[in-house]
Amino acid sequence: MSTSVSCRGDAAHSSTDEHTWSHLIQSKTFARYDSSSRTGSLASLALELLDEQKASWPQLAAGYASLTSVRTRELRCDGYSVWLQFNPGRIVSTGAKVDEQSIRERRCFLCVEHLPRQQKGILYNDEFLVLCNPAPIFTDHFTVSHVRHLPQSFEASAGTMLEIARAFRSRFTLFYNGPKCGASAPDHMHFQACPRGIIPVERTAQEEARRQHRRNVRGVDVFTLARFGRQVIVFESAQRAVLEQVLLSLVSALRSIIGTSEEPMLNILCGFNEGDWRVIVFPRSKHRPDVYFKDGADRVLISPAAVDIGGLVVTPLEKDFNNVNASLVESIFKEVSVAPAVVDGAIESLS
Ligand SMILES: [Zn+2]
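It should be emphasised that the depicted structure is a prediction, and the values quoted were computed from it without experimental measurement.

So, how was this worked out
Residues numbered from 1 in each chain as written. Predicted model: local features only at pLDDT ≥ 70, side-chain atom pairs only at ≥ 80, totals over all residues. Heavy atoms only, no water. Helix = DSSP H or I, 4+ residues; strand = E, 2+ residues; numbered from the N terminus. Rg over C-alpha atoms; globule rule 2.2 N^0.38 Å. Buried < 20%, exposed > 50% of the residue type's maximum accessible area, 1.4 Å probe, protein only. Contact = heavy atoms within 4.5 Å. Areas by Shrake-Rupley, 256 points an atom, 1.4 Å probe, with all protein chains shown as cover. Lys, Arg positive; Asp, Glu negative; His and termini not counted. Charge placed at Lys NZ, Arg CZ, Asp CG, Glu CD. Donors = N, O, S within 2.8 Å, 3.2 Å for Na, K, Ca; no water. Tetrahedral: all angles 85-135°; square planar, octahedral: opposite > 155°, others 65-115°. Pairing = 2+ DSSP bridges.

A.B. asks: Is there a simple way to think about the overall build of the protein chain in this case?
C.D. replies: Counting its secondary structure elements, the protein chain contains 12 helices and 14 strands. The C-alpha radius of gyration computed for the protein chain amounts to 20 Å, which stays within 12% of the reference 20 Å derived for 351 residues, consistent with globular compactness. Seen through its principal axes, the protein chain has C-alpha atoms that stretch 60 × 50 × 35 Å. The burial tally for the protein chain puts 53% of its 351 residues in the buried class. Excluding contacts between residues fewer than 6 apart, the proportion of contacts in the protein chain whose partners are at least 24 apart in sequence is 68%. As presented, the protein chain carries roughly 15100 Å² of accessible surface, and 49% of it is formed by carbon and sulfur atoms. Put simply, the protein chain has 39 plus and 39 minus side-chain charges, and the middle of one group is 2 Å from the middle of the other.

Here it is as structure tokens:
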């Protein structure tokens, strides 16, 4: 594979490179989806892709086969429940080295030219590929990866997130992990998608008794959730453009309150149902809790990303699945979440 193909971020490339690139993309395209046509369902195509890939790609079939032996158990925390999922197949992601040097030195596994030979995807607007995730947490688990090697950035892709969520109709929820709080490829822009309603916070966000209406910003309703043990902001709107602007104003507000020039740490879930978007945002203060870095038996391999902070905590090690209790989860959520005042200040600043 030529170097030019792996440098799609470069502005200049020759027509030969263009030809090679189109050929590569074509060879990886199972089907195309154009959001402007608004015909058909991206969800149906994704499910067809999953069937095809289970039949043609042994690694994916093995990943889904191992999902049948996954175990879950409920932990009743103070005011809320979480579910632990024992999933040994997730060790690669949970144990991933995400420091800058390790990322620089490894081959990007989301770049089109590095995808496994059998892997194909649905080309969304010539911009993203919907791919099957070979280490599934869910019965249907997709990675929605940019066709180019561009860094993970919510600001660059907030509008696209809303569009893709709408294209998935009410079947799948899209989620985003910030480059420093859960993305195992922080250097390559991607979302993931799972069946709608399977991440516990999606249900919690609908419980009237918990929903605290904080503001209406140009038609976008903003809520927080009571007795939830970590900080979360819920946005609801039927207006895509305004919702995108309000979400971008949240990023600016958090950046200023936290005092960082980088993207503030965020995990985001985005669903679309009956004409309305619901976007659930977890602002974070740190990625991995202190117990993750302890030695020997004291170490607990929990690396919270959107799914985990959303209430489905993945433990790739059986001893963690057996030993982790409610008070440990409560303390981890508190440790990796921002302080309530950060959320109050950010909501105040939304515009
Ligand atoms: Zn890449």
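Back to the write-up after that little detour.
A.B. asks: Just to check I follow, could you spell out the coordination of the zinc ion for this structure?
C.D. replies: Ideal geometry at a metal centre gives angles of 109.5 degrees when four donors are arranged tetrahedrally and 90 or 180 degrees when six donors are arranged octahedrally. Protein coordination at the zinc ion: the donors are Cys108 (SG), Cys111 (SG), His149 (ND1) and His188 (ND1), at 2.1 to 2.3 Å from the metal. Seen from the zinc ion, its four donor atoms lie at angles of 99 to 119°, and the figure they make is tetrahedral. One chain supplies every donor for the zinc ion, spaced along it as C-x2-C-x37-H-x38-H. Of this pair, Cys108 sits in the loop between helix H5 (100-105) and strand E4 (121-124) while His149 sits in the loop between strand E6 (142-146) and helix H6 (154-167), placing them 41 residues apart in sequence. Judged by relative accessible area, His149 falls into the partly exposed class, the value being 29%.

A.B. asks: Please clarify how the pairing of strand E14 (residues 312-315) should be interpreted in this entry.
C.D. replies: A regular strand carries its side chains on alternate faces of the sheet. The two faces of E14 match: Leu312 and Val314 on one face and Val313 and Thr315 on the other face are all buried. Pairing between strand E3 (residues 81-86) and E14: four bridges, direction parallel. Counterpart to Trp83 in the pairing with E14 is Leu312.

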